[in-house]
Amino acid sequence: MANEQTSNAWRAVRRLIVGLTLFLFFALFILWRVDSPRVERFRMALVDQFVPNMEWALAPVTQFTRIVSDYKSYAQIYQRNQELRQELQRMKGWQEAALQLEQTNAQLRALNNVQLSPSLGFVTGEMITDSGSPFSQSGLLNVGSLDGVVDGQAAVDGLGLVGRISGVADHTARVVFLSDVSSQVPVIIRPTGQRAILHGDNTLAPLVLFSEDPDDVLPGMRVVTSGDGGVFPPEILIGQIVRSSSGEVRALLAADFEGLEFVRVLRNSPLDQIIGAGELVGDNIAAPAPMPENELLEGEAIAAPPPRGDDH
Amino acid sequence: MNVSLKIWAFRAVYLILGLLSIAYPLLPLQFTPVRIPTPDLLFALTLAWVVRQPASAPFLLVAALAILADAALMRPIGLWALLLLVASETVRLSYRTIQERGLWLEFSLVAGLLVIMVVLQNIMLWISFSQTLEVERLLQFVMLTLLIYPVMVLFLHYIIRVRKPDHSNRPDRLGKIR
(Lines give C-alpha, C1' and ligand atoms only; values in the text may rest on other atoms or scores of the structure.)
Protein backbone atom coordinates (compact mmCIF):
# COMPACT_ATOMS: atom_id res chain seq x y z
CA MET A 1 0.00 0.00 0.00
CA ALA A 2 2.69 2.42 1.08
CA ASN A 3 4.71 1.39 -1.92
CA GLU A 4 1.86 2.23 -4.27
CA GLN A 5 1.44 5.63 -2.64
CA THR A 6 5.09 6.56 -2.98
CA SER A 7 5.13 5.40 -6.58
CA ASN A 8 2.05 7.54 -7.27
CA ALA A 9 3.68 10.54 -5.61
CA TRP A 10 6.88 9.94 -7.54
CA ARG A 11 4.92 9.80 -10.79
CA ALA A 12 3.32 13.18 -10.02
CA VAL A 13 6.68 14.72 -9.15
CA ARG A 14 8.18 13.27 -12.30
CA ARG A 15 5.41 14.71 -14.43
CA LEU A 16 6.06 18.08 -12.82
CA ILE A 17 9.80 17.85 -13.54
CA VAL A 18 9.18 16.88 -17.15
CA GLY A 19 6.77 19.75 -17.66
CA LEU A 20 9.11 22.23 -16.00
CA THR A 21 12.11 21.12 -18.06
CA LEU A 22 10.20 21.30 -21.32
CA PHE A 23 8.97 24.76 -20.40
CA LEU A 24 12.50 25.80 -19.41
CA PHE A 25 13.94 24.69 -22.74
CA PHE A 26 11.19 26.45 -24.64
CA ALA A 27 11.82 29.61 -22.62
CA LEU A 28 15.54 29.27 -23.33
CA PHE A 29 14.83 29.09 -27.05
CA ILE A 30 12.62 32.19 -26.89
CA LEU A 31 15.27 33.96 -24.82
CA TRP A 32 17.91 32.96 -27.37
CA ARG A 33 15.77 34.60 -30.02
CA VAL A 34 15.04 37.74 -28.01
CA ASP A 35 18.28 38.35 -26.15
CA SER A 36 20.84 36.45 -28.16
CA PRO A 37 24.07 37.88 -26.64
CA ARG A 38 23.20 36.79 -23.12
CA VAL A 39 22.29 33.26 -24.15
CA GLU A 40 25.39 33.03 -26.34
CA ARG A 41 27.44 33.95 -23.29
CA PHE A 42 25.72 31.14 -21.41
CA ARG A 43 26.50 28.81 -24.30
CA MET A 44 30.16 29.81 -24.29
CA ALA A 45 30.36 29.26 -20.54
CA LEU A 46 28.82 25.80 -20.91
CA VAL A 47 31.18 24.91 -23.76
CA ASP A 48 34.10 26.32 -21.79
CA GLN A 49 33.24 23.93 -18.97
CA PHE A 50 32.93 20.79 -21.04
CA VAL A 51 34.83 20.86 -24.32
CA PRO A 52 38.40 21.40 -23.03
CA ASN A 53 37.77 18.48 -20.67
CA MET A 54 36.70 16.29 -23.54
CA GLU A 55 39.87 17.07 -25.42
CA TRP A 56 41.78 14.11 -24.02
CA ALA A 57 39.12 11.85 -25.46
CA LEU A 58 39.11 13.61 -28.80
CA ALA A 59 42.86 13.91 -29.28
CA PRO A 60 43.71 10.25 -30.09
CA VAL A 61 40.95 9.97 -32.69
CA THR A 62 41.99 13.26 -34.28
CA GLN A 63 45.64 12.24 -34.40
CA PHE A 64 44.78 8.84 -35.85
CA THR A 65 42.64 10.31 -38.61
CA ARG A 66 45.33 12.85 -39.44
CA ILE A 67 47.97 10.12 -39.63
CA VAL A 68 45.81 8.15 -42.05
CA SER A 69 45.25 11.15 -44.28
CA ASP A 70 48.95 12.04 -44.08
CA TYR A 71 49.79 8.49 -45.10
CA LYS A 72 47.59 8.89 -48.15
CA SER A 73 49.57 11.93 -49.15
CA TYR A 74 52.85 9.99 -48.81
CA ALA A 75 51.67 7.83 -51.67
CA GLN A 76 52.16 10.75 -54.05
CA ILE A 77 55.36 11.94 -52.45
CA TYR A 78 57.45 11.91 -55.64
CA GLN A 79 54.95 14.01 -57.56
CA ARG A 80 54.67 16.41 -54.64
CA ASN A 81 58.41 16.78 -54.51
CA GLN A 82 58.62 17.69 -58.18
CA GLU A 83 55.83 20.22 -57.84
CA LEU A 84 57.41 21.75 -54.80
CA ARG A 85 60.75 22.13 -56.53
CA GLN A 86 59.19 23.94 -59.46
CA GLU A 87 57.28 26.15 -57.08
CA LEU A 88 60.43 26.88 -55.12
CA GLN A 89 62.22 28.08 -58.23
CA ARG A 90 59.37 30.40 -59.08
CA MET A 91 59.28 31.64 -55.50
CA LYS A 92 63.01 32.40 -55.50
CA GLY A 93 62.46 34.76 -58.38
CA TRP A 94 59.69 36.44 -56.45
CA GLN A 95 61.75 36.59 -53.29
CA GLU A 96 64.45 38.51 -55.14
CA ALA A 97 61.86 40.91 -56.52
CA ALA A 98 60.33 41.34 -53.06
CA LEU A 99 63.69 42.07 -51.44
CA GLN A 100 64.46 44.75 -54.01
CA LEU A 101 61.03 46.26 -53.59
CA GLU A 102 61.42 46.23 -49.83
CA GLN A 103 64.66 48.15 -50.11
CA THR A 104 63.25 50.78 -52.42
CA ASN A 105 60.21 50.97 -50.20
CA ALA A 106 62.35 51.55 -47.13
CA GLN A 107 64.35 54.22 -48.92
CA LEU A 108 61.22 56.04 -50.07
CA ARG A 109 59.71 55.78 -46.59
CA ALA A 110 62.84 57.24 -45.10
CA LEU A 111 62.69 60.09 -47.60
CA ASN A 112 59.08 60.77 -46.76
CA ASN A 113 59.49 60.40 -43.00
CA VAL A 114 56.39 58.17 -42.83
CA GLN A 115 54.97 57.20 -39.46
CA LEU A 116 53.89 53.57 -39.65
CA SER A 117 51.05 52.42 -37.43
CA PRO A 118 52.20 50.27 -34.51
CA SER A 119 52.47 46.66 -35.55
CA LEU A 120 49.78 44.25 -34.53
CA GLY A 121 50.17 42.05 -31.50
CA PHE A 122 48.76 38.56 -31.70
CA VAL A 123 48.08 35.47 -29.67
CA THR A 124 48.24 32.05 -31.26
CA GLY A 125 45.77 29.31 -30.44
CA GLU A 126 44.96 25.82 -31.59
CA MET A 127 41.63 24.86 -33.10
CA ILE A 128 40.06 22.35 -30.72
CA THR A 129 36.77 21.64 -32.42
CA ASP A 130 34.85 22.52 -35.52
CA SER A 131 31.22 23.55 -35.43
CA GLY A 132 29.89 20.03 -35.88
CA SER A 133 27.00 21.22 -37.95
CA PRO A 134 26.64 21.71 -41.69
CA PHE A 135 24.64 24.87 -41.13
CA SER A 136 27.24 27.02 -39.42
CA GLN A 137 30.93 27.37 -40.19
CA SER A 138 32.91 28.02 -37.06
CA GLY A 139 35.49 26.51 -34.78
CA LEU A 140 36.60 26.64 -31.17
CA LEU A 141 40.03 28.01 -30.22
CA ASN A 142 41.85 27.14 -27.03
CA VAL A 143 42.59 30.75 -26.12
CA GLY A 144 40.07 32.95 -24.38
CA SER A 145 39.50 36.17 -22.52
CA LEU A 146 42.30 35.30 -20.07
CA ASP A 147 44.68 35.53 -23.04
CA GLY A 148 43.29 38.88 -24.07
CA VAL A 149 40.94 37.69 -26.78
CA VAL A 150 37.97 39.98 -27.30
CA ASP A 151 34.87 39.71 -29.46
CA GLY A 152 35.36 41.01 -32.99
CA GLN A 153 39.09 40.43 -33.32
CA ALA A 154 40.42 39.04 -36.57
CA ALA A 155 41.73 35.47 -36.78
CA VAL A 156 44.32 34.63 -39.43
CA ASP A 157 46.37 31.60 -40.29
CA GLY A 158 49.76 32.08 -41.93
CA LEU A 159 48.20 32.82 -45.31
CA GLY A 160 45.12 34.91 -44.87
CA LEU A 161 42.10 35.91 -42.89
CA VAL A 162 40.18 32.98 -41.40
CA GLY A 163 37.34 34.69 -39.60
CA ARG A 164 36.19 36.73 -36.70
CA ILE A 165 36.05 36.03 -32.96
CA SER A 166 32.44 35.75 -31.89
CA GLY A 167 31.90 34.45 -28.40
CA VAL A 168 34.62 34.41 -25.78
CA ALA A 169 34.85 32.44 -22.54
CA ASP A 170 37.73 32.24 -20.09
CA HIS A 171 39.71 29.54 -21.89
CA THR A 172 38.00 29.21 -25.25
CA ALA A 173 36.83 31.46 -28.04
CA ARG A 174 34.74 30.78 -31.11
CA VAL A 175 35.93 31.79 -34.57
CA VAL A 176 33.16 32.34 -37.10
CA PHE A 177 34.73 31.58 -40.47
CA LEU A 178 34.43 33.81 -43.52
CA SER A 179 32.42 31.02 -45.14
CA ASP A 180 29.62 31.25 -42.56
CA VAL A 181 26.38 32.75 -43.84
CA SER A 182 26.41 35.37 -41.11
CA SER A 183 29.88 36.62 -42.00
CA GLN A 184 30.02 39.94 -43.86
CA VAL A 185 33.33 41.74 -44.18
CA PRO A 186 34.07 45.08 -45.86
CA VAL A 187 36.89 44.57 -48.35
CA ILE A 188 38.99 46.41 -50.89
CA ILE A 189 39.83 44.87 -54.24
CA ARG A 190 43.43 45.49 -55.27
CA PRO A 191 44.75 47.03 -57.45
CA THR A 192 41.65 48.98 -58.50
CA GLY A 193 40.79 49.95 -54.94
CA GLN A 194 37.09 49.23 -55.27
CA ARG A 195 35.20 48.66 -52.06
CA ALA A 196 32.87 45.69 -51.64
CA ILE A 197 31.34 43.37 -49.05
CA LEU A 198 32.44 39.76 -48.70
CA HIS A 199 29.37 37.67 -47.91
CA GLY A 200 29.78 34.06 -46.74
CA ASP A 201 27.50 31.39 -48.21
CA ASN A 202 28.75 28.03 -46.86
CA THR A 203 31.39 27.66 -49.57
CA LEU A 204 35.14 28.24 -49.61
CA ALA A 205 34.62 31.07 -52.10
CA PRO A 206 32.32 33.67 -50.51
CA LEU A 207 30.39 36.14 -52.66
CA VAL A 208 31.78 39.60 -53.33
CA LEU A 209 28.77 41.90 -53.28
CA PHE A 210 28.06 45.60 -53.73
CA SER A 211 31.25 46.42 -55.59
CA GLU A 212 31.03 49.76 -57.33
CA ASP A 213 31.55 48.37 -60.82
CA PRO A 214 31.24 44.56 -60.95
CA ASP A 215 32.44 44.49 -64.58
CA ASP A 216 35.70 46.01 -63.47
CA VAL A 217 36.40 43.19 -61.00
CA LEU A 218 38.59 40.71 -62.81
CA PRO A 219 39.63 37.20 -61.81
CA GLY A 220 43.02 37.14 -60.12
CA MET A 221 42.66 40.49 -58.35
CA ARG A 222 43.57 40.42 -54.70
CA VAL A 223 40.99 40.98 -51.98
CA VAL A 224 42.09 42.52 -48.67
CA THR A 225 40.19 43.83 -45.66
CA SER A 226 39.40 47.52 -45.87
CA GLY A 227 39.26 48.24 -42.16
CA ASP A 228 35.96 50.05 -42.61
CA GLY A 229 33.79 49.86 -39.55
CA GLY A 230 36.82 49.50 -37.32
CA VAL A 231 36.37 45.78 -36.68
CA PHE A 232 39.29 44.42 -38.66
CA PRO A 233 42.66 46.03 -39.18
CA PRO A 234 43.06 47.05 -42.82
CA GLU A 235 45.15 45.25 -45.44
CA ILE A 236 44.82 41.68 -44.25
CA LEU A 237 44.87 39.31 -47.22
CA ILE A 238 41.59 37.50 -47.82
CA GLY A 239 42.02 35.89 -51.21
CA GLN A 240 41.70 36.18 -54.95
CA ILE A 241 38.78 37.09 -57.16
CA VAL A 242 37.29 34.24 -59.15
CA ARG A 243 34.19 34.14 -61.31
CA SER A 244 31.79 31.24 -61.03
CA SER A 245 30.26 29.70 -64.12
CA SER A 246 27.04 31.59 -63.48
CA GLY A 247 28.93 34.88 -63.51
CA GLU A 248 28.95 35.62 -59.79
CA VAL A 249 31.98 37.39 -58.42
CA ARG A 250 33.54 35.40 -55.61
CA ALA A 251 36.72 35.49 -53.57
CA LEU A 252 38.70 32.28 -53.26
CA LEU A 253 39.96 32.32 -49.67
CA ALA A 254 43.71 32.33 -49.20
CA ALA A 255 43.59 30.73 -45.75
CA ASP A 256 44.19 26.99 -45.76
CA PHE A 257 40.95 25.64 -44.33
CA GLU A 258 41.91 22.06 -45.21
CA GLY A 259 44.78 22.02 -42.77
CA LEU A 260 43.63 24.59 -40.26
CA GLU A 261 45.37 23.88 -36.97
CA PHE A 262 46.98 26.97 -35.51
CA VAL A 263 45.31 30.34 -35.76
CA ARG A 264 46.52 33.78 -34.77
CA VAL A 265 44.13 36.19 -33.14
CA LEU A 266 45.19 39.74 -33.96
CA ARG A 267 45.06 42.11 -31.04
CA ASN A 268 44.93 45.41 -32.79
CA SER A 269 45.61 48.19 -30.36
CA PRO A 270 42.66 50.54 -30.68
CA LEU A 271 43.51 53.57 -32.78
CA ASP A 272 43.30 56.98 -31.19
CA GLN A 273 39.85 58.30 -31.72
CA ILE A 274 39.29 61.83 -32.86
CA ILE A 275 36.54 63.03 -30.61
CA GLY A 276 34.65 66.18 -31.46
CA ALA A 277 35.72 68.82 -33.92
CA GLY A 278 38.75 70.07 -32.02
CA GLU A 279 38.94 73.37 -30.27
CA LEU A 280 39.73 75.44 -33.31
CA VAL A 281 36.16 75.39 -34.46
CA GLY A 282 33.27 76.21 -32.14
CA ASP A 283 32.87 78.45 -29.12
CA ASN A 284 36.45 79.67 -29.17
CA ILE A 285 35.81 81.43 -32.42
CA ALA A 286 32.94 83.33 -30.94
CA ALA A 287 34.89 84.23 -27.80
CA PRO A 288 37.64 86.45 -29.22
CA ALA A 289 35.17 88.20 -31.50
CA PRO A 290 35.59 91.73 -30.09
CA MET A 291 38.96 92.28 -31.65
CA PRO A 292 40.45 95.64 -32.23
CA GLU A 293 39.97 96.55 -35.85
CA ASN A 294 43.49 97.77 -36.37
CA GLU A 295 44.80 94.28 -35.68
CA LEU A 296 42.67 92.94 -38.49
CA LEU A 297 43.98 95.61 -40.72
CA GLU A 298 47.48 94.65 -39.85
CA GLY A 299 46.72 91.21 -41.22
CA GLU A 300 47.30 89.12 -38.11
CA ALA A 301 45.69 85.80 -37.47
CA ILE A 302 41.91 85.92 -37.35
CA ALA A 303 41.43 82.49 -35.90
CA ALA A 304 41.48 81.84 -32.19
CA PRO A 305 44.91 81.20 -30.69
CA PRO A 306 45.93 77.55 -30.59
CA PRO A 307 44.60 76.14 -27.34
CA ARG A 308 47.75 74.43 -26.12
CA GLY A 309 50.31 76.94 -27.18
CA ASP A 310 53.14 76.26 -29.59
CA ASP A 311 54.80 72.91 -29.84
CA HIS A 312 58.22 74.34 -30.22
CA MET B 1 20.41 -3.83 -4.23
CA ASN B 2 22.15 -5.61 -7.02
CA VAL B 3 19.51 -4.52 -9.51
CA SER B 4 19.79 -0.84 -8.57
CA LEU B 5 23.59 -1.02 -8.81
CA LYS B 6 23.21 -2.40 -12.31
CA ILE B 7 20.87 0.44 -13.25
CA TRP B 8 23.38 3.03 -12.00
CA ALA B 9 26.16 1.36 -13.96
CA PHE B 10 24.04 1.50 -17.10
CA ARG B 11 23.25 5.15 -16.44
CA ALA B 12 26.97 5.89 -16.29
CA VAL B 13 27.50 4.04 -19.56
CA TYR B 14 24.65 6.00 -21.15
CA LEU B 15 26.19 9.27 -19.95
CA ILE B 16 29.60 8.40 -21.37
CA LEU B 17 28.19 7.27 -24.71
CA GLY B 18 26.08 10.42 -24.85
CA LEU B 19 29.11 12.64 -24.24
CA LEU B 20 31.04 10.77 -26.92
CA SER B 21 28.25 11.17 -29.43
CA ILE B 22 28.24 14.92 -28.74
CA ALA B 23 32.01 15.08 -29.07
CA TYR B 24 32.28 13.04 -32.26
CA PRO B 25 31.02 15.74 -34.68
CA LEU B 26 33.31 18.25 -32.97
CA LEU B 27 36.50 16.47 -34.01
CA PRO B 28 38.70 19.14 -35.59
CA LEU B 29 39.32 17.25 -38.80
CA GLN B 30 37.79 19.41 -41.46
CA PHE B 31 37.07 23.08 -41.49
CA THR B 32 36.02 23.16 -45.11
CA PRO B 33 32.32 23.81 -45.52
CA VAL B 34 31.51 21.37 -48.33
CA ARG B 35 30.54 18.15 -46.62
CA ILE B 36 27.62 15.98 -45.76
CA PRO B 37 25.88 16.61 -42.45
CA THR B 38 26.82 14.42 -39.53
CA PRO B 39 24.04 12.13 -38.29
CA ASP B 40 22.61 12.86 -34.86
CA LEU B 41 24.13 10.07 -32.78
CA LEU B 42 22.60 11.36 -29.57
CA PHE B 43 19.12 11.01 -31.07
CA ALA B 44 19.76 7.42 -32.17
CA LEU B 45 21.41 6.50 -28.88
CA THR B 46 18.69 7.99 -26.71
CA LEU B 47 15.69 6.56 -28.54
CA ALA B 48 17.24 3.11 -28.95
CA TRP B 49 18.15 3.08 -25.27
CA VAL B 50 14.77 4.31 -24.01
CA VAL B 51 12.97 1.62 -25.99
CA ARG B 52 15.11 -1.09 -24.41
CA GLN B 53 15.81 0.08 -20.86
CA PRO B 54 13.92 3.26 -20.03
CA ALA B 55 14.97 3.07 -16.38
CA SER B 56 18.67 3.49 -17.12
CA ALA B 57 18.22 6.54 -19.37
CA PRO B 58 16.35 8.81 -16.95
CA PHE B 59 14.65 11.97 -18.10
CA LEU B 60 16.99 14.44 -16.40
CA LEU B 61 20.08 12.77 -17.85
CA VAL B 62 18.59 12.94 -21.33
CA ALA B 63 17.73 16.61 -20.72
CA ALA B 64 21.25 17.48 -19.58
CA LEU B 65 22.85 15.76 -22.59
CA ALA B 66 20.38 17.35 -24.98
CA ILE B 67 21.02 20.90 -23.79
CA LEU B 68 24.78 20.31 -23.77
CA ALA B 69 24.57 19.06 -27.36
CA ASP B 70 22.63 22.16 -28.38
CA ALA B 71 25.24 24.40 -26.79
CA ALA B 72 28.27 22.57 -28.16
CA LEU B 73 26.99 22.07 -31.70
CA MET B 74 25.98 25.73 -32.20
CA ARG B 75 22.31 24.99 -32.69
CA PRO B 76 19.58 27.39 -31.58
CA ILE B 77 19.82 26.63 -27.91
CA GLY B 78 16.91 24.70 -26.40
CA LEU B 79 14.97 23.94 -29.58
CA TRP B 80 16.37 20.59 -30.66
CA ALA B 81 16.73 19.60 -26.99
CA LEU B 82 13.04 20.27 -26.47
CA LEU B 83 12.07 18.18 -29.49
CA LEU B 84 14.41 15.36 -28.48
CA LEU B 85 12.91 15.28 -24.99
CA VAL B 86 9.37 15.17 -26.33
CA ALA B 87 10.32 12.34 -28.70
CA SER B 88 12.05 10.36 -25.96
CA GLU B 89 9.07 10.81 -23.64
CA THR B 90 6.71 9.66 -26.41
CA VAL B 91 8.75 6.50 -26.78
CA ARG B 92 9.04 6.07 -23.02
CA LEU B 93 5.27 6.16 -22.57
CA SER B 94 4.74 3.24 -24.92
CA TYR B 95 7.98 1.30 -24.63
CA ARG B 96 6.22 -1.96 -23.67
CA THR B 97 4.18 -1.97 -26.88
CA ILE B 98 7.22 -1.14 -28.97
CA GLN B 99 9.22 -3.92 -27.36
CA GLU B 100 6.50 -6.44 -28.05
CA ARG B 101 5.75 -5.44 -31.63
CA GLY B 102 9.31 -5.85 -32.80
CA LEU B 103 11.92 -3.92 -34.70
CA TRP B 104 9.90 -2.79 -37.72
CA LEU B 105 7.40 -0.87 -35.65
CA GLU B 106 10.25 0.62 -33.62
CA PHE B 107 12.12 1.74 -36.72
CA SER B 108 9.09 3.27 -38.42
CA LEU B 109 8.09 5.04 -35.21
CA VAL B 110 11.59 6.48 -34.83
CA ALA B 111 11.63 7.54 -38.48
CA GLY B 112 8.27 9.25 -38.09
CA LEU B 113 9.41 11.03 -34.93
CA LEU B 114 12.60 12.24 -36.57
CA VAL B 115 10.76 13.63 -39.58
CA ILE B 116 8.25 15.38 -37.32
CA MET B 117 11.09 16.80 -35.22
CA VAL B 118 12.91 18.17 -38.25
CA VAL B 119 9.73 19.70 -39.68
CA LEU B 120 8.75 21.22 -36.33
CA GLN B 121 12.25 22.60 -35.91
CA ASN B 122 12.12 24.40 -39.22
CA ILE B 123 8.60 25.67 -38.51
CA MET B 124 9.71 27.02 -35.14
CA LEU B 125 12.72 28.69 -36.72
CA TRP B 126 10.46 30.18 -39.37
CA ILE B 127 7.95 31.46 -36.84
CA SER B 128 10.68 33.07 -34.76
CA PHE B 129 12.19 34.79 -37.84
CA SER B 130 15.42 32.86 -37.46
CA GLN B 131 17.30 31.43 -40.37
CA THR B 132 15.63 28.22 -41.53
CA LEU B 133 17.73 25.27 -42.64
CA GLU B 134 18.11 24.06 -46.20
CA VAL B 135 15.69 21.27 -47.07
CA GLU B 136 18.25 19.30 -49.03
CA ARG B 137 20.69 19.21 -46.13
CA LEU B 138 17.90 18.25 -43.75
CA LEU B 139 16.90 15.34 -45.99
CA GLN B 140 20.50 14.13 -45.98
CA PHE B 141 20.55 14.52 -42.21
CA VAL B 142 17.36 12.47 -41.76
CA MET B 143 18.57 9.71 -44.10
CA LEU B 144 21.96 9.44 -42.38
CA THR B 145 20.49 9.42 -38.90
CA LEU B 146 18.02 6.70 -39.89
CA LEU B 147 20.88 4.70 -41.42
CA ILE B 148 22.80 5.00 -38.17
CA TYR B 149 19.85 3.90 -36.06
CA PRO B 150 19.97 0.13 -36.79
CA VAL B 151 23.74 0.21 -36.30
CA MET B 152 23.18 1.84 -32.92
CA VAL B 153 20.59 -0.82 -32.02
CA LEU B 154 23.01 -3.62 -32.90
CA PHE B 155 25.82 -1.87 -31.00
CA LEU B 156 23.67 -1.50 -27.90
CA HIS B 157 22.40 -5.07 -28.12
CA TYR B 158 25.63 -6.95 -28.72
CA ILE B 159 28.37 -4.78 -27.27
CA ILE B 160 26.84 -2.72 -24.47
CA ARG B 161 24.23 -5.42 -23.81
CA VAL B 162 21.33 -3.07 -23.40
CA ARG B 163 18.57 -5.55 -24.18
CA LYS B 164 14.84 -5.81 -23.91
CA PRO B 165 13.74 -7.75 -20.85
CA ASP B 166 12.73 -11.30 -21.51
CA HIS B 167 8.99 -11.33 -22.21
CA SER B 168 8.35 -15.04 -21.83
CA ASN B 169 8.82 -14.86 -18.07
CA ARG B 170 6.79 -11.76 -17.34
CA PRO B 171 3.46 -11.61 -15.50
CA ASP B 172 0.60 -10.39 -17.63
CA ARG B 173 -2.61 -8.76 -16.49
CA LEU B 174 -3.80 -11.98 -14.85
CA GLY B 175 -0.59 -12.63 -12.96
CA LYS B 176 2.30 -14.89 -13.71
CA ILE B 177 1.45 -17.82 -15.97
CA ARG B 178 3.86 -20.67 -16.09
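Above: the structure in question.
Counting restarts for each chain, with residues numbered from 1 along the sequence as it is written. Just so you know, chain letters begin at A and ligand numbers begin at 1, following the order they were written in. Residues qualify for local features only when their pLDDT is at least 70, as the model is predicted, and side-chain atom pairs are given and counted only at 80 or more; totals for whole chains, interfaces and linings, by contrast, use all residues. No hydrogens and no water enter the side-chain calculation; it runs on all heavy atoms of the structure.

## Here we look at the sheet that holds strand 1 (residues 121–130) of chain A
Residues and elements named next belong to chain A.
Part 1 of the reasoning: Two strands are counted as paired when DSSP detects at least two bridges linking them. Counting from the N terminus, the helices are DSSP H or I runs at least four residues long and the strands are E runs at least two residues long. Pairing in this closed barrel of 6 strands is antiparallel, and the strands run 1-2-5-4-3-12 around the ring. The mean inter-strand angle of the sheet, taken between neighbouring strand axes irrespective of direction, is 45 degrees.
Part 2 of the reasoning: Pairing of strand 2 (residues 138–141) with strand 5 (residues 173–177), which is carried by 4 bridges, proceeds in the antiparallel orientation. Paired with L140 across the strands is R174, a residue of strand 5. Lines are fitted to the C-alpha atoms to define the axes, a helix being fitted only along its stretch in contact, and any angle between axes, read from their N-to-C directions, falls within 0 to 180 degrees.

## Here's the deal with the interface of chain B and chain A
Part 1 of the reasoning: Counting residues at the interface gives 45 residues for chain B, matched by 47 residues for chain A.
Part 2 of the reasoning: Overall, the association of chain B and chain A removes approximately 4200 Å² of surface from exposure, summing both partners, and the carbon and sulfur fraction of that is 71%.
Part 3 of the reasoning: In what follows, salt bridge is the name for a side-chain nitrogen of Lys or Arg lying within 4 Å of a carboxyl oxygen of Asp or Glu. For the interface between chain B and chain A, the tally reads 1 salt bridge.
Part 4 of the reasoning: Here A:R14 ties to B:E89 by a salt bridge, and the two come within 3.3 Å at their closest N and O atoms.
Part 5 of the reasoning: For the purposes of these results, a polar contact is taken to be a pair of N or O atoms within 3.5 Å, where, inside protein, one atom must be able to donate a hydrogen and its partner to accept one; residues adjacent in sequence count only when each atom of the pair is a side-chain atom. Taken together, the links from chain B to chain A amount to 7 residue pairs in polar contact (both at pLDDT 80 or more). Any pair of residues with heavy atoms lying within 4.5 Å of one another is described as a contacting pair. Reported buried area values correspond to the accessible surface (1.4 Å probe) lost by two parts on association, with both partners' losses combined.

## Describing the packing of aromatic side chains
Geometry of an aromatic ring pair is reported as the spacing of the ring centres plus the angle between the planes.
Residue and element names in this part refer to chain A.
Part 1 of the reasoning: Any pair of Phe, Tyr and Trp rings, taking the six-membered ring for Trp, is counted once the centres come within 6.5 Å. Such a pair is stacked with planes under 30 degrees apart, edge-to-face with planes over 60 apart, and tilted for the rest. Under the defined criterion, the tally for this structure stands at 6 aromatic pairs over all chains.
Part 2 of the reasoning: A centroid spacing of 5.2 Å and a plane angle of 75 degrees characterise the contact between F177 and F257, whose relative ring orientation is edge-to-face. Here the residue F177 occupies a position in strand 5, and F257 occupies one in the loop between strand 11 (249–253) and strand 12 (262–267), the gap between them amounting to 80 residues. For the pair formed by F177 and F257, the shared burial category is buried. Between buried and exposed lies partly exposed: a residue is buried under 20% and exposed over 50% of the maximum accessible area for its type, with that area taken using a 1.4 Å probe on protein chains only.

## Considering a nonpolar patch on the surface
All names here are of chain B.
Part 1 of the reasoning: Together, V115, I116, V119, L120, I123, W126 and I127 give the surface a local cluster of nonpolar side chains, amounting to about 680 Å² of exposed area.
Part 2 of the reasoning: Its place among the elements puts I123 in helix 6 (residues 103–127).
Part 3 of the reasoning: On the basis of relative accessible area, I123 is assigned to the partly exposed category, the value being 38%. Like charges are joined within 9 Å and nonpolar side chains (Val, Leu, Ile, Met, Phe, Trp, Tyr) within 5 Å, but only among residues with over 30% relative accessible area and no salt bridge; these make up the patches. Accessible surface area values rest on a Shrake-Rupley calculation with a 1.4 Å probe, where residue burial reflects the displayed protein chains alone.

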